[in-house]
Structure formats: C-alpha cells, structure tokens
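# Understanding the architecture of this molecule
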Amino acid sequence: MIRFRTLILLAAVIAGALALSAPSQAALPKLTGTVGPGFTITLTRLGKKVTTAKAVRYSITVADKSNIHNFHLIGPGVNREITTIGFVGTKTVIVKLKKGTYRFICDPHATTMKGSFKVL
C-alpha cells in the first residue's frame, strides 16, 4: 500500500514538473494577420498595426479570406508561408522573431499587398 501511494505521489510530481517546463501557447504574445477578401493584407497586435515588436516567440493567427491570396512572412531566420493560395480559413503558427526587419506579403500580389515591421 505504501509503495502504491509513493508511486502515485511520484507520478504527480513528475506530471507537475513537466507541465511547468512545457512552453504554454497561451503565454505567448499574439499577432493577428488578415489577407483578403479584397487586396488587403494586415498584421496587428491588440487591434493596432504592428510596426515594431520584441525579439521573442509569437503565436501568429492569420485569417485568409480569399483563395487567390496567401500570407508569407519573411525575415531573419524566417521564411514561412503561413497560408497558401487556394486556402480559405484560419491558421495559427508559432514563430521566433529575431532582431531585424520582417516583411509579410501576398506572393502573387507582392507589389501592392505587403507590409513590414522591425524587431528590436
């Protein structure tokens, strides 16, 4: 009986330690991207246009509202097509941003559908 209690206690301690060491997606700062339905592309944080950001990991959620657009994020160490042409819906990714300038574009309409921000 004592061994059984010891095993249960040990399992609870290990589970607690793992939960504390695992990175929580809820704790990550969130950015929100939108592409379409017209010829618009945006990236916001808390409803405001992103012009600067800190060099940390972010949860980026992109709402792609048109099958003729994509959302492509490019910068130091990142070349990530978050949504693809043909996809309509929402996708969330985790991205670590480093110091430098990042661009987000719609590849087929890159001359008009683009934005950028600096990571400090």
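Computed from a predicted model, the values in this text were never measured in an experiment.

For the rest of this paragraph, the subject is the packing of aromatic side chains. For any two aromatic rings, the description comes down to two numbers: the centre-to-centre distance and the angle of the planes. For the structure on display, the rule yields 3 aromatic pairs. With a centroid separation of 5.6 Å and 5° between ring planes, the pair formed by Phe71 and Phe104 is classed as stacked. Remark: Phe104 occurs in strand E9 (residues 100-105) and Phe71 occurs in strand E6 (residues 71-75); sequence separation between them is 33 residues. Residue class for Phe71 comes out buried when judged on its relative accessible area of 1%. Arranged with centres 5.5 Å apart and planes meeting at 15°, the rings of Tyr102 and Phe117 form a pair that is stacked. Here Tyr102, found in strand E9, pairs with Phe117, found in strand E10 (residues 114-119); they are 15 residues apart in sequence, far enough to count as distant.

So, on to the sheet that holds strand E2 (residues 41-45). Strand order in the open sheet formed by 5 strands is E3-E2-E1-E5-E8, and the pairing between neighbours is mixed. For this open sheet the edge positions go to strand E3 (48-49) and strand E8 (89-96), each flanked by a neighbour on one side alone. As defined by bridge partners, strand E1 (residues 30-35) adjoins E2 across 4 bridges and the pair is classed as antiparallel. The residue bridging Thr34 from the neighbouring strand is Thr42, located in E2.

Calculation criteria
Residues numbered from 1 in each chain as written. Predicted model: local features only at pLDDT ≥ 70, side-chain atom pairs only at ≥ 80, totals over all residues. Heavy atoms only, no water. Phe/Tyr/Trp six-rings, centres within 6.5 Å; stacked < 30°, edge-to-face > 60°. Helix = DSSP H or I, 4+ residues; strand = E, 2+ residues; numbered from the N terminus. Buried < 20%, exposed > 50% of the residue type's maximum accessible area, 1.4 Å probe, protein only. Pairing = 2+ DSSP bridges.

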